[in-house]
Amino acid sequence: MLETLLMITAALLVGLGGGYLIRKMIAEAKISSAEAAAKKIIEEANQEANSLKREQQLEAKEEAHRLRTELERESKERRSELQRMERRLDQKEESLDRKLSNLERKEEELRQLEEDNKAIRGELDRLQEQQLAELERVSGMSTDEAKDVLLQRVRNEIEHEMICMVKDMESQAKADGEKKAREIVTLAIQRYAADHVSESTVSVVSLPNDEMKGRIIGREGRNIRALETLTGIDLIIDDTPEAVIVSGFDPIRREVARLALEKLVSDGRIHPARIEEIVEKTRKEVDAQIKEEGERATFESRVHGLHPDLVVLLGKLRYRTSYGQNVLQHSIEVSHLAGIMAAELGLDVTFAKRAGLLHDIGKAIDHETEGSHIQIGAELAKKYKESPGIVNAVEAHHGDVDFNTLEAVLIQSADAISAVRPGARRETLENYIKRLEKLENIADSFEGVEKSYAIHAGREIRIMVKPDRIDDYTSIQVARDIVKKIESELEYPGQIKVTVIRETRAVDYAK
């Protein structure tokens, strides 16, 4: 057993030693083989590196050769371009030299021509002086005198032509303007045809019987005194059967008295206390009616946005008359006429209607306030915040101030149309004749007036002046002076046209 173990151990040891030797030999063989392979790889790498190096050197040489070739080509092209530019510059320089030579030659020619012109001009001046001297000798006038004569002749001819042209233009414009104005006015009158109601200063109250007159008078006249005191009017009780006349110049008071008396007669109870009660109630009714009349006027005229106080003042015009014409109806008519004419002329229709309705607003209180109805109306328009154009139209509708708008001119025209329409206003024959006589006397009072004639029912006055004392320019001034004197001294409805006629006659006889 022991021997076996020793043999095994020896065998193991021999095996281990042999295995070690064999592995060592194998390892050395592998190492030698690896070294040989490494040497071979290194040699192959060196060969490949040398080969790559040679290829890179060849490529670098080829690239350098290519760049050198391109550079040489570009240099050659630039040299060619520079040579061409040099040739062009040389050509331009030669052209400039030629042009400079030509300019110098032309300058020389111009200098020569200028010298020749100076010589010719000097010769012309000398000849002109000789001619002027000869003309002065022949005409007997100096140069300045001849110039003045010629200029005066030209000036006279031009002035004559201008005067003729202006007269032709004025005549044409006047003819066209008058024709167009007639068409517009005629159209306005045709489109608005209103009835005219003649007003008076008395009212008649019908009575059921004559016994009622005694009851109206009352015991010792207390009833009639109470009624007259409360209303401010006069009651005329005469022999007129079954009628009492209510007289007074204030139409509102007269209306209050008329209505109150009618109510008293209808009621039958007539005594001072009852009279006071009825008069007070009637006054309130009339105030309400005044407001309704003002609102009716604004509705008919289609004028909106008026101050309530202005509406009341318009209503009061229902009881105001001018030469027998109802002022409220007249204001409504002026509003319509102005609106129609404004529409035809392309102006502001609303503005024209408003100004036409308010143009106589001052007449509502002219018996209560100092000043003309124009001044009062303008102050009222300003007070109730009407526009400056409306204020100007109110102020200018009788020509007291200048017009600021075309609509204001239409207001004046519409006012005159409404006033002069047949039947619109009335005057007594005596006052009418006196006004015509005073109109002619005013015109005759001016120096140089030969004769004057009031025509067209006093709407126009034609004045013949002495031509040897009044020239054309003075005649215009005479017309203006007469207009001013008429406006300051005469009262009249509408407007008056003043025409000054200056006539010169040359008479001779052929024998």
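Note that the structure is predicted; figures quoted are calculated from it, not measured. Here the residue numbering is sequential within each chain, running from 1 through the sequence in written order. Per-residue local features are limited, in this predicted model, to residues with pLDDT of at least 70; the limit for side-chain atom pairs, both in listing and counting, is 80 or more; totals at the level of whole chains, interfaces and linings are taken over all residues. With hydrogens and water excluded, all non-hydrogen atoms of the structure serve as input to the side-chain values.

## Considerations on the sheet that holds strand β6 (residues 449–455)
Any two strands with at least two DSSP bridges between them are considered paired. Secondary structure follows DSSP: runs of H or I at least 4 residues long count as helices, runs of E at least 2 residues long count as strands, and numbering of each begins at the N terminus. The three strands are arranged β6-β7-β8 in an open sheet whose pairing can be described as mixed. Unpaired on one side and paired on the other, β6 and β8 (497–502) mark the two borders of the sheet. Strand-to-strand twist across the sheet, computed as the mean angle between neighbouring axes with direction ignored, equals 20°. The pairing of strand β7 (residues 460–465) with β8 spans six bridges and is classified as parallel. Counterpart to Arg-462 in the pairing with β8 is Thr-499. Packing of helix α14 (residues 472–489) onto the sheet brings it into contact with β7 and β8, and relative to β8 it is tilted by some 150°. Lines fitted to C-alpha atoms define the axes here, with helix axes fitted over just the stretch in contact, and angles between the N-to-C directions of these axes take values from 0 to 180 degrees. Any two residues having at least one pair of non-hydrogen atoms within 4.5 Å are treated as being in contact.

## With respect to the packing of helix α4 (residues 222–231) against helix α6 (residues 272–301)
Put simply, α4 and α6 touch, their axes get as near as 9 Å, and they point 25° apart. Considering their axes alone, α4 and α6 lie roughly parallel with respect to each other. Relative to α6, the crossing made by α4 is right-handed. Taking contact as the criterion, the partners of Arg-222, Asn-223, Ala-226, Leu-227, Leu-230 and Thr-231 in α4 are, on α6, Pro-272, Ile-275, Glu-276, Val-279 and Arg-283. Should an angle lie under 35 degrees it is considered roughly parallel, over 145 roughly antiparallel, and from 65 to 115 roughly perpendicular; all remaining angles are considered oblique. Handedness of a helix crossing follows the sense of rotation of the near helix relative to the far helix, less than a right angle counterclockwise being left-handed and clockwise being right-handed.

## Concerning the pairing of β7
Pairing geometry for β6 and β7, over six bridges, is antiparallel. Residue pairing in the sheet places Val-449 in a bridge with Val-465 of β7.

## Brief notes about a negative patch on the surface
Taken together, the side chains of Glu-86, Asp-90, Glu-93, Glu-94 and Asp-97 define an acidic patch exposed on the protein surface. Turning to its location among the elements, Asp-97 is positioned in helix α1 (residues 2–139). Patch membership requires more than 30% relative accessible area and the absence of a salt bridge. Residues of like charge join within 9 Å; the nonpolar side chains Val, Leu, Ile, Met, Phe, Trp and Tyr join within 5 Å. Note that accessible areas follow from Shrake-Rupley with a 1.4 Å probe, and for residues the cover is restricted to the protein chains shown. By definition here, a salt bridge exists when the distance from a side-chain nitrogen of Lys or Arg to a carboxyl oxygen of Asp or Glu is within 4 Å. Counting rule applied: Lys, Arg positive; Asp, Glu negative; His and chain ends not counted. Where a charge sits is defined by one atom per residue type, namely NZ (Lys), CZ (Arg), CG (Asp) or CD (Glu).

## Section: the confidence of the model for the protein
Per residue, pLDDT measures the predictor's confidence, with a range of 0 to 100. Across the protein, pLDDT averages 79, with 88% of residues at or above 70. Across residues 193–200, confidence stays below pLDDT 50; counting only partners more than four residues off in sequence or on other chains, it has 22 contacts.

## So, the environment of Thr-282
In this fold, Thr-282 is placed in helix α6. Three labels apply to residues, based on accessible area from a 1.4 Å probe with only protein chains included: buried if under 20% of the type maximum, exposed if over 50%, partly exposed otherwise in between. What makes Thr-282 buried here is its relative accessible area of 0%. Not counting residues within four places of it along the chain, the set of residues in contact with Thr-282 comprises Val-256, Leu-259, Ala-260 and Lys-263. Any pair of nitrogen or oxygen atoms within 3.5 Å is treated as a polar contact; in protein, a donor-acceptor pairing is required on top of that, and neighbouring residues in sequence qualify only through side-chain atoms on both sides. For Thr-282, the side chain forms a polar contact with the main-chain oxygen of Ile-278, separated by 2.7 Å.

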